[in-house]
Amino acid sequence: MKAVICTKYGTPEVLQIQEVSKPIPNDNQILVKVVATAVNSGDVRVRSLDVKGFMKVIMRLVLGISRPRKSILGVVFSGVVESIGDNVSKFKISDNVFGMTGFKFGTYAEYIAVNQNSNVLEMPKNATFEEAAAIIFGGQTAIHFLDKAKIAKKFNQKILIIGATGSVGTAAVQIAKHYNANITAVCSSNGHKLVSELEVKNIVLYDKEDFISRVDRFNIIFDAVGKSNKNQCKNLLNENGVFKSVSSGYASESIQQLQLLKDLFEKRAFKATIDKTFPMDKIVDAHRYVGTGRKKGNVVLKISQ
Ligand SMILES: NC(=O)c1ccc[n+]([C@@H]2O[C@H](COP(=O)([O-])OP(=O)(O)OC[C@H]3O[C@@H](n4cnc5c(N)ncnc54)[C@H](OP(=O)(O)O)[C@@H]3O)[C@@H](O)[C@H]2O)c1
């Protein structure tokens, strides 16, 4: 099968399409013919090893010293079950599925074998493969951090979402809406249209106004781009207000998060925000684009038709 191999850490050009062995599912695995994956900010970070100081050492130890040990990057997928292991009862051949592999990576490939009990579900019935692949990374990350901020605890919490136009930010807006939060979103003038389309009324354009000097007070501040810190935002928090940032700690993924995304998508309470779709052989262009840090929502990589 064809797969995108990360030959070493470096610029997007280190990614090469190569022929590798097709995985053989074990008794508990399903073999998925991947239709779409997404190129996420996390993939770019792994490929480029773009982290500061001591974190670089940690990342090399965890991921591989001179190149990623798991040479096929990509953490999300949508596709069709092609075969199943002897013990598989949750899925059948021809099911449309979507999921996240996390630190197992491997989704920039024509096939992937995943355990039936891992982070995989049948796709939302009304989703295209592109949409299903696009909602996972930002969606699961946003649910993780908003859970930590206890967004479900009270009705109509006032929340400030900084960086509402990225993969995590667009998802955070929609998850916050699901919990009936009163949302103020921070984005650039370039992102205004997208955030308005997500039906946010209170929008602060960071290139026109310094949101830090606002007089509003919030129950929750979620920095979905990791550009600020709690100290900078302290005057915007009300008593017992909570600050969460994507820069503090790692999001852990769960099947409950994926189920919530699926349910919301089927109820049309969550939509996929897709900026661009690249074919697999344009992986270098896709990584270069995501690496600008300016994408709006998500970038899909189409693996097969
Ligand atoms: N901790 C974790 O486990 C975890 C998990 C996932 C992601 N992350 C991190 O979360 C961050 C966001 O991820 P992502 O995938 O959502 O990134 P992304 O999609 O690449 O985010 C890009 C978006 O951020 C906007 N942006 C850039 N600078 C901004 C600023 N100063 N203020 C507000 N918006 C700004 C950009 O629009 P404009 O340029 O037009 O403003 C663009 O729309 C990344 O740093 C990623 O590494 C962490």
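Residues numbered from 1 in each chain as written. Predicted model: local features only at pLDDT ≥ 70, side-chain atom pairs only at ≥ 80, totals over all residues. Heavy atoms only, no water.

What should I look at first to understand the overall build of the chain in this one?
For the chain, the count of helices and strands is eight helices and 14 strands. A globule of 305 residues ought to have a C-alpha radius of gyration of about 19 Å, and the chain, at 19 Å, matches this closely. Going through the 305 residues of the chain one by one, you find that 52% of them count as buried. Excluding contacts between residues fewer than 6 apart, the proportion of contacts in the chain whose partners are at least 24 apart in sequence is 68%. Summed over its atoms, the accessible surface of the chain is roughly 14400 Å², and 50% of this surface lies on carbon and sulfur atoms. On the chain, the mean spot of the 42 positive side-chain charges and the mean spot of the 27 negative ones are 5 Å from each other. (Helix = DSSP H or I, 4+ residues; strand = E, 2+ residues; numbered from the N terminus. Rg over C-alpha atoms; globule rule 2.2 N^0.38 Å. Buried < 20%, exposed > 50% of the residue type's maximum accessible area, 1.4 Å probe, protein only. Contact = heavy atoms within 4.5 Å. Areas by Shrake-Rupley, 256 points an atom, 1.4 Å probe, with all protein chains shown as cover. Lys, Arg positive; Asp, Glu negative; His and termini not counted. Charge placed at Lys NZ, Arg CZ, Asp CG, Glu CD.)

How should I be thinking about the layout of surface pockets in this particular structure?
The method is simple in principle: a probe with the dimensions of a water molecule rolls over the atoms, and the space it marks as empty is what remains. Within this model, the second largest pocket holds a volume of roughly 430 Å³. What lines the second largest pocket is a set of 23 residues, and nearest its centre among them are Lys104, Phe105, Ile112, Ala113 and Val114. Take the lining of the second largest pocket: its biggest share by element is five residues, from strand E6 (residues 111–115). Of the residues contributing to the lining of the second largest pocket, the split by class is twelve nonpolar, eight polar and three charged. (1 Å grid on protein atoms, 1.4 Å probe; cavity = no way out; pocket = protein on both sides within 12 Å on 5 of 7 lines; lining within 4 Å. Points joined across faces, edges and corners; volume = space filled by probe spheres on them. Nonpolar A, V, L, I, M, F, W, Y, C, P; charged D, E, K, R; others polar.)

Which parts of the structure should I look at to understand the packing of aromatic side chains?
As enumerated under the stated definition, the model contains three aromatic pairs in all. Each ring, one from Phe103 and one from Phe105, has its centre 6.1 Å from the other, and the planes form 85°; the classification is edge-to-face. With a relative accessible area of 8%, Phe105 lands in the buried category. Taking 6.5 Å as the distance between ring centres and 45° as the angle between the ring planes, the aromatic pair formed by Phe278 and Tyr289 counts as tilted. On the criterion of sequence distance, the pair formed by Phe278 in strand E13 (residues 274–279) and Tyr289 in helix H8 (residues 283–290) is long-range, its members being eleven residues apart. (Phe/Tyr/Trp six-rings, centres within 6.5 Å; stacked < 30°, edge-to-face > 60°.)

What is the right way to read the packing of helix H3 (residues 129–148) against helix H7 (residues 255–266) from this model?
Think of two packed helices as two axes; the pair is described by the angle between the axes and how far apart they sit. At a closest axis distance of 9 Å, the pairing of H3 and H7 adopts a crossing angle of 125°. Between H3 and H7, the angle is such that the two are oblique. H3 and H7 meet at a crossing whose hand is right-handed. Between H3 and H7, the contacting residues are Glu131, Ile135, Ile136, Gly139, Gln140, Ile143 and His144 on the first element and Gln257, Leu258, Leu260, Leu261 and Phe265 on the second. Class assignment of the residues belonging to the contact of H3 with H7 gives a composition of seven nonpolar, four polar and one charged. (Axes fitted to C-alpha atoms, helices over the stretch in contact; angles between N-to-C directions. Parallel < 35°, antiparallel > 145°, perpendicular 65-115°, else oblique. Left-handed = near helix turned anticlockwise from the far one by under 90°.)

Hey, could you run me through empty space enclosed by the protein in this one?
In this structure the tally under the stated criterion is one cavity of 30 Å³ or more. Put simply, the largest cavity is a space of about 50 Å³. Around the largest cavity, the lining comprises 13 residues; the ones closest to its centre are Ala134, Ile135, Ala171, Phe270 and Asn298. Mapped by element, the contributors of at least two residues to the lining of the largest cavity are H3 and helix H4 (167–178).

Before we go on, may I ask you to explain H4 in this structure?
Two residues of an α-helix separated by three or four positions point the same way, owing to the 3.6 residues in each turn. Between its terminal C-alpha atoms H4 stretches 17 Å, which fits the 16 Å expected from twelve residues at 1.5 Å a residue. The buried count for H4 comes to ten of twelve residues, which makes it a mostly enclosed element. Taken together, the buried positions of H4 are occupied by Ser167, Val168, Gly169, Thr170, Ala171, Ala172, Val173, Gln174, Ile175 and Ala176. Downstream of H4 by a residue or two, Asn180 has a phi angle that is positive, lying close to 55°. (Expected span 1.5 Å × (residues − 1).)

Even after reading the chapter, I still don't get the site of the ligand, so can you show me in this structure?
The environment of the ligand is formed by 24 residues, the closest being Ser188, Tyr206, Ala251, Arg294 and Lys295. Within the backbone of Gly249, an N or O atom sits 2.8 Å from a nitrogen atom of the ligand. Between Lys296 and the ligand, the recorded distance is 2.9 Å, taken from a side-chain N or O atom to an oxygen atom. Elements with a contribution of two residues or more to the shell around the ligand: helix H1 (41–48), H3 and H4. Across the shell around the ligand, the residue classes tally to nine nonpolar, ten polar and five charged. (Near = heavy atom within 4 Å. Polar contact = N/O pair within 3.5 Å; in protein donor to acceptor, adjacent residues only side chain to side chain.)

Explain the pairing of strand E10 (residues 202–205) here, please?
Walk down a regular strand and you will see the side chains alternate between the two sheet faces. In terms of strand pairing, strand E9 (residues 182–187) meets E10 through four bridges, oriented parallel. Each bridged residue has a counterpart across the sheet, and for Val186 the counterpart in E10 is Val204. (Pairing = 2+ DSSP bridges.)

Would you mind going over the pattern of salt bridges with me for this structure?
Pairing between side chains becomes possible if they bear opposite charge and their charged atoms approach one another. Tallied over the entire structure, the rule returns nine salt bridges. For Lys22, the salt bridge identified is with Glu82, shortest N-O distance 3.0 Å. On the criterion of sequence distance, the pair formed by Lys22 in the loop between strand E2 (15–19) and strand E3 (29–39) and Glu82 in strand E4 (residues 76–84) is long-range, its members being 60 residues apart. Where Lys92 meets Asp95, a salt bridge forms, and the shortest distance between an N and an O atom there is 2.9 Å. What emerges from the salt-bridge pattern is a single network uniting Glu13, Asp285 and Arg288. (Salt bridge = Lys/Arg side-chain N within 4 Å of Asp/Glu carboxyl O.)

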